[in-house]
Each structure stands twice: as structure tokens, then as C-alpha cells.
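So you can see what is in the structure, the chains are spelled out below.
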Amino acid sequence: MCGIIGCVAEEPVAALLLDGLVRVEYRGYDSAGMATISRGKLGVKKGVGRVKDIEEARKMSAMSGTVGMAHTRWATHGGVTNANAHPHASCKEQVAVIHNGIIENYIPLKKALIAKGHRFKSETDTEVISHIVEDEYKRTKNPLRATQAAVKKLKGQYAIVVMFQDRPDVMTGARKDAPLIVGVGKGKMFLASDVLAFIGHTDRTIFLDNYEVVQITKEEVKIIGPDGREVRRDPNQVAWELSDVTKSDYAHYTLKEINEQPKTIVAASVQDPYKVAEFARAIKRAKSLFITASGTSYHAGLLMKFRLSKEARIRADVVVAGELKEHTEFLGKGSVVVALSQSGETADVMEAVREAKKHGAKAYSIVNAAGSSLARESDVTLLLNCGPEVGVAATKSFTAQVVVANLVVDAVLGKKKPDRLEELSEAVADALKCDGQVQELVREYRDRPDFYFVARGYESPVAMEGALKLKELSYIHAEGMPASELKHGTLALIEKGTPVVFINPSGPNHAESLSNAEELSARGADVIGISDVRDQVYKHYIQIPKVSPKSTPIVEAIPLQLLAYRMSVAKRNDPDYPRNLAKSVTVK
Ligand code: G6P
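Residues numbered from 1 in each chain as written. Predicted model: local features only at pLDDT ≥ 70, side-chain atom pairs only at ≥ 80, totals over all residues. Heavy atoms only, no water.

A.B. asks: Would you mind going over the overall build of the protein with me for this structure?
C.D. replies: On a plain count of helices and strands, the protein comes out with 17 helices and 25 strands. Over its C-alpha atoms the protein spans a radius of gyration of 25 Å, differing by no more than 12% from the 25 Å that the globule rule assigns to 588 residues. Expressed as lengths along the three principal axes of its C-alpha atoms, the size of the protein is roughly 75 × 50 × 45 Å. Across the 588 residues in the protein, those meeting the buried criterion constitute 62%. Expressed as a percentage of contacts within the protein between residues at least 6 apart in sequence, the contacts between residues at least 24 apart total 71%. As displayed, the protein offers around 23,400 Å² of accessible surface, 50% of which is attributable to carbon and sulfur atoms. (Helix = DSSP H or I, 4+ residues; strand = E, 2+ residues; numbered from the N terminus. Rg over C-alpha atoms; globule rule 2.2 N^0.38 Å. Buried < 20%, exposed > 50% of the residue type's maximum accessible area, 1.4 Å probe, protein only. Contact = heavy atoms within 4.5 Å. Areas by Shrake-Rupley, 256 points an atom, 1.4 Å probe, with all protein chains shown as cover.)

A.B. asks: How do you make sense of the layout of surface pockets when you look at a structure like this?
C.D. replies: Once rolled over the atoms, a probe with the size of a water molecule shows which space is left empty. Here the second largest pocket defines a volume of roughly 630 Å³. Around the second largest pocket, the lining comprises 27 residues; the ones closest to its centre are Leu-407, Asp-410, Lys-415, Pro-418 and Asp-419. Contributions of two or more residues to the lining of the second largest pocket are made by α8 (273-285), α12 (396-412) and α13 (421-431). Sort the elements by how many residues they give to the lining of the second largest pocket and α12 lands first, with five residues. Here the lining of the second largest pocket is composed, by residue class, of 12 nonpolar, six polar and nine charged. Each of domain 2 (246-419) and domain 3 (432-575) contributes no fewer than three residues to the lining of the second largest pocket. (1 Å grid on protein atoms, 1.4 Å probe; cavity = no way out; pocket = protein on both sides within 12 Å on 5 of 7 lines; lining within 4 Å. Points joined across faces, edges and corners; volume = space filled by probe spheres on them. Nonpolar A, V, L, I, M, F, W, Y, C, P; charged D, E, K, R; others polar. Domains from an automatic or database assignment.)

A.B. asks: What is the right way to look at empty space enclosed by the protein in this model?
C.D. replies: Taken as a whole and assessed by the stated rule, the structure comprises three cavities of 30 Å³ or more. Looking at the largest cavity, its volume works out to about 80 Å³. In terms of lining, the largest cavity is formed by 14 residues, of which the most central are Cys-2, Trp-74, Thr-76, His-86 and Gly-101. Among the elements that make up the lining of the largest cavity, the one with the highest residue count is strand β6 (residues 95-103) (three residues). Residue composition of the lining of the largest cavity, grouped by class: four nonpolar, eight polar and two charged.

A.B. asks: Honestly, the site of the ligand in this entry has me stumped. Any pointers?
C.D. replies: Taken together, 14 residues are adjacent to the ligand, and Ser-297, Ser-341, Gln-342, Ser-343 and Thr-346 come closest. At 2.6 Å from an oxygen atom of the ligand is found a side-chain nitrogen or oxygen belonging to Ser-341. Here the ligand has 390 Å² of accessible area as a free molecule, and 90% of this is covered by the chains. Broken down by element, the residue count for the shell around the ligand peaks at three residues, all from helix α9 (residues 295-310). (Near = heavy atom within 4 Å. Polar contact = N/O pair within 3.5 Å; in protein donor to acceptor, adjacent residues only side chain to side chain.)

A.B. asks: Mind showing me how you'd approach the packing of aromatic side chains here?
C.D. replies: We describe a pair of aromatic rings using the distance from one ring centre to the other and the angle between the two ring planes. Under the counting rule described, the total for this entry stands at eight aromatic pairs. An angle of 40° between the planes, with centres 5.3 Å apart, marks the rings of Phe-306 and Tyr-458 as tilted. With Phe-306 in helix α9 and Tyr-458 in the loop between β21 (450-455) and α15 (460-474), this pair connects stretches of sequence that are 152 residues apart. A relative accessible area of 28% means that Phe-306 is categorised as partly exposed. Exposure remark for Tyr-458: the relative accessible area of 9% places this residue in the buried category. (Phe/Tyr/Trp six-rings, centres within 6.5 Å; stacked < 30°, edge-to-face > 60°.)

A.B. asks: Got a minute to help me understand the packing of helix α7 (residues 261-268) against α12 in this structure?
C.D. replies: In a pair of packed helices, the angle between the axes and the distance between the axes together describe the arrangement. Packing of α7 against α12 brings their axes to within 9 Å, and their N-to-C directions diverge by 30°. α12 is crossed by α7, and the crossing has right-handed handedness. On the side of α7, the interface is formed by Gln-261, Thr-264, Ile-265 and Ala-268, while α12 contributes Lys-396, Thr-399, Ala-400, Val-403, Val-404 and Leu-407. Here the residues of the contact of α7 with α12 sort into six nonpolar, three polar and one charged. (Axes fitted to C-alpha atoms, helices over the stretch in contact; angles between N-to-C directions. Left-handed = near helix turned anticlockwise from the far one by under 90°.)

A.B. asks: What am I meant to see in a negative patch on the surface here?
C.D. replies: A contiguous patch of negative charge on the surface is contributed by Glu-10, Glu-11, Glu-219 and Glu-220. Inspection of the secondary structure assignment puts Glu-219 in the loop between β12 (213-216) and β13 (221-224). By relative accessible area, which is 56% here, Glu-219 ends up exposed. (Patch = residues over 30% accessible without salt bridge, like charges linked within 9 Å, V, L, I, M, F, W, Y side chains within 5 Å. Salt bridge = Lys/Arg side-chain N within 4 Å of Asp/Glu carboxyl O. Lys, Arg positive; Asp, Glu negative; His and termini not counted. Charge placed at Lys NZ, Arg CZ, Asp CG, Glu CD.)

A.B. asks: Can you help me understand the nonpolar core in this one?
C.D. replies: Generally speaking, nonpolar side chains in soluble globular proteins are found buried as a group. Ranked by internal contacts, the top residues of the largest apolar core, which has 81 residues, are Ile-283, Leu-308, Val-338, Phe-451 and Phe-453. Two domains each donate at least three residues to this core, and these are domain 2 (246-419) and domain 3 (432-575). Among the nonpolar cores identified, the runner-up in size contains 27 residues, and Leu-16, Ala-32, Phe-207 and Val-238 belong to it. (Core = buried A, V, L, I, M, F, W, Y, C linked by side-chain atoms within 4.5 Å.)

A.B. asks: For this particular structure, what's the right way to read helix α14 (residues 435-445)?
C.D. replies: Where α14 is concerned, the buried positions are Asp-435, Val-438, Leu-441, Val-442 and Tyr-445. Looking straight down α14, one finds that the buried residues subtend no more than 110° of arc, so they occupy a single side. (Arc of directions from axis to C-beta.)

A.B. asks: Would you explain the pairing of strand β3 (residues 41-48) in this entry?
C.D. replies: Consecutive side chains of a regular strand alternate in pointing toward one face of the sheet and then the other. Examined bridge by bridge, strand β2 (residues 31-38) and β3 share eight bridges and lie antiparallel to one another. Across the sheet, the residue bridging to Ala-32 is Gly-47, located in β3. Hairpin remark: β2 followed by β3, antiparallel, with two residues in the connecting loop; positive phi at Arg-39, about 45°. (Pairing = 2+ DSSP bridges.)

A.B. asks: Help me understand the environment of Ile-129, please; the structure alone is not making it clear to me.
C.D. replies: Looking at the element boundaries, Ile-129 is found in helix α4 (residues 127-140). Look at Ile-129 and you get buried, because its relative accessible area is 0%. It is 8.9 Å that separates the C-alpha atoms of Ile-129 and Ile-103, two residues lying 26 residues apart in sequence. The contacts of Ile-129, once residues within four sequence positions are left out, are Val-97, His-99, Ile-103, Leu-154 and Ile-160.

A.B. asks: Any chance you could explain the domain arrangement of the protein here in plain terms?
C.D. replies: How big an interface is tends to be stated in terms of accessible area lost as the parts join. Domains assigned within the protein are domain 1 (3-241), domain 2 (246-419) and domain 3 (432-575). Every contact between the two is made by 11 residues of domain 1 and, on the other side, 10 residues of domain 2. Here domain 1 meets domain 2 over a buried area of about 810 Å², counting both sides, of which 52% is carbon and sulfur. Across the contact surface, domain 1 and domain 2 share two salt bridges. The interface formed by domain 1 and domain 2 contains two residue pairs in polar contact (both at pLDDT 80 or more). Looking at the side of domain 1 that touches domain 2, its residues break down into six nonpolar, two polar and three charged. (Buried area = accessible area lost by both parts, 1.4 Å probe.)

Rendered as C-alpha cells:
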């Protein structure tokens, strides 16, 4: 989950490392640090908090040296302290390491190192790597070979970058189940966990595979495969649009990304028809079909399943990615797993897909990040094309997933006529006009401890998504559920003034849902209706435009996203960087 960036260049690297660090901060942001080598000496600066708030960060930009590395942390092993922030130097401060992942066997490794006389300064799993590399470097006198030998001892997941005090001309790296990407610039070479870290300097990238070890100088890249042989791989060009990761005139990325949706849903619909057809064919022929994802992407997966069963009469099991390994009895040759993921790096999703493939299944994915592990390991991938999503809470990627999933289901149904995306785009723009009303709701309910989100049928996952957004951004306890479930427990929690967001578009479930809204209202709840038709039972009513049933979740998501965002701002949280969370969860 952590963000990592390293660079070897002709010029001082501190300023560009700091810039890259801010761009990968969405991956984890409880502490940060930087190391450079200057005049033959390794210098390390770190601090606790967001980069902008770290006192030492101001000094980081003034660090000299043409080789350096930087890290933003999302704590796993060891609390959020200065000592546990990366980079971690070895005993003699000759080697420094930054790491993203978890070293599962760090306890026995640490014990063995202590027995050999190594002294530890942190509680992290990462620090063992610097001590092991130090030993291996003493033995091999070769940075690449030392890194190769060190990673052979590690179990777990890692993307690491290593610097050697007496070799300021090189930097090494290695990966297993966590992303590490080489950025090939002019007179500068990067290693980073995300293209965004260096996109301001180069769009030429090499994606490393599991078990590969790499060494960079300012001009050269050398990759060694797991068999010890050199791997030749040409750089790929990634889209320069990625470099437009600014907030523009918006106060936060999250607000910008919510407002981009009239455009991003159109971009998401531009897909290669042959690939969509292949995706659909695989679904139709599948002996067993699983849809898997985490968080918001899971909710998009539930929507996809609903249409597949109801309209196409195809049975699919939707399983939270971290649980798929418990359902392998029905996975085998002829099975298909559809994985949805914004980042394409979520560890649970990757594990699910790898497990499914191990059982003989084919993997089809819907992903935003081109070049991500999921995109590369899937048999067929459809990209969301919604541009980088920086805000930790998924917004535009959710609506883009609904668009792409709908395209696939339409192809399964043999639907030829394309949708009128301009109309949907206008409807989304219309839905965004509810922002003022949402802010009134926030004023009225900002101090309520609980929120409930309910809906029926196809809209139920939207209720779950509304609750998830509110939890993530405002830290208010929220639950989303089918309206039918209310009477089986939740009604006991309804008191006078409890806010219940009721998603209830016109359609077959409308009347039944209104009865549930009446039941809530009779027990004192303040029912907030989100619908294309007003009803007197709603204490507050947010009108959404009428669109086709399959696209209704897209327009319904807008007021829910705005509610979470505005609540977060009212509570003085940082909506882009909610506490304890990270955008790309690359640990299990
Ligand atoms: C994290 C993020 C969520 C996201 C989930 C799945 O928990 O904070 O916003 O929905 O991961 O991420 P993915 O990249 O796989 O869609």
C-alpha cells in the first residue's frame, strides 16, 4: 500500500522525489521519508504525518545527491512513528531500503540477524531487508547480486528499492506481488510503485514481473529474471494524460473526480467491440462464473451479477475477493472469473485471480490502471478509461465500472444498438446539480451518529455503496441494505430523526419500497428520498433524472458521493486522504 519512488540522475534528485512522493501519497500517508547519498554519505530524513505537514519534509527538498529514494507509509508492522517510517538503513548505514508489502517471515529472519550481531532501530518487517542486503553486499560486493540473494530469503509480498552508500551510481529493486515500475527518462531513471510518481519526467515505462530483480543507473536498466538470466524488455509508452493529476479549481481531488463523471462515463463506453464480444462469449460459455472484487468495485460486481441473472439468465456468484479462495470447489477448467478493480493492484483481488487461474479458470477483468498486475495477468482486460483516480474513495471509477459492465452484459444479451451516451452524460451533469441540497442535508444531519441507506433489487448495491462512501469519508457509522431486511433487525435502531437515505426510482419495486419508507417514517425516521418521483413520505427529496434502468445506479451514485464528500468537509476531515485507509490496498 505504501508509495515508493527512487531515482538515479545526472542532477540532484531531492525536489523531483518530493514531487513524486506527493503524487503517490494516496497509497498511504501516515508517515514519509527520503534518503539520498551525497559526498559518499547516506542521509535519511523522515517524519510522521502527511508530507505537507512533516517538518522534515521542508528539509528533504534541500537534500543534495544525484541518487535518492522516498516513501510514504501505510503502517502494517509497527506503529506510526518516526523510527518506523522508511527508508530503513542497515546497522552501518551502508544500505538503505524502502518497501511496500509484508515480509511474512520477518520474525525468524530478525532473530537470526540479531544473533549475528545486527542492531535494529525499528519494529518494522522492512528493516530485516536492509540488514540482509548489507550482509549479502559484504559477501558479493555487487549490488545486483546482493539484492538477488536477499530477496531469495524473503517470504510474503514486496516491492523494494535499495541504495548502497558506496555505489551512488546505482539503485536496485525487486518485486513479488506488489507493483514496481521502471521509468526510463533522459539522463534519469526511476523505480516507483506507480507511473504517477514519475510521469512528469517520462512516459516510457517498464513493468517488472514477479521475482524479477532490477538495477538502474542514470542511463541503463538491467533486469534479471527468476532463473538468473537477463531479461530484455523494451519500454512501453503510457498516456501523458496521466500527468494531469492536479485538482484544477477544485478544493479536493474527490470533488474534481465526482464532477468529471459526465465525461468519464462516455470515455468508459469507448471499448474495442471485439474484446467486449470475447468477454461476453466467455461469460456465456463458462461452466461456472464468478465475479470478484473488493470495496466499491464489489458493489459494481453485484450490479453486474443482477443483470446477468435477471436479463441474461446466467448464474454468477459474486464473491468478495478476499474470500474467493474459500469457494474453489466450483472453480476449474472452463470456469471464468470476472475481476473488477480500479487499481488492478488490490492484493485480495490478485490473490483471487491467481488462485482461480491455478484451478484452470480464465480471468477476465475490468480495470482502470493499464499495465497494472491485474491487467497484465488477465486473459482479457477492458479498461475503464476514466483517468487517474487520486481520491482514496472510489467515485468516477464506480460509475465507469457500471458502464463497462453494462456493455458486457448487453453483448451477452446480443444487443446491437449502442446506448445514447450523450443523454446519460447530461443526466449525470443534471444529477450533480443537487450539491446545494446535499449541503443542506449535511447541515441538518452532520451530528447524527448513524445513517442508513436502503433500496430494493438492482438498487441494493447502490445503497451499500452510499453507506461505504459515508463511512470512508465522514467516519459516520453507516449501513446499507435491501429495504426488505429493515424489519429483520435494523428497525430496532430507528429513533426520532434517524436519517435513512431511501433510493427508490420508479419501476417495479417502487410501490413496495414506499411502504417500507412509510414504516420508517412511522417510527420517527427522517426519510431522504432519492428518486425520479417525489412522494410525501420523504422528509427530504433529491430528484434524480430518469434514465434507463440499467444506468440508474450511475445517477443515483452522484448524490451519495456528494453527501459523503460534503459531510467529510463539514467535519473537517480530509476527503482525499481519509484516516487509516489507502487507495491501493496491496496487502492482504
Ligand atoms: C480500497 C479503496 C476503495 C476501493 C477498494 C478496492 O479499500 O479505499 O476505495 O474500492 O480498495 O480497490 P480496487 O482498486 O481493487 O477497485
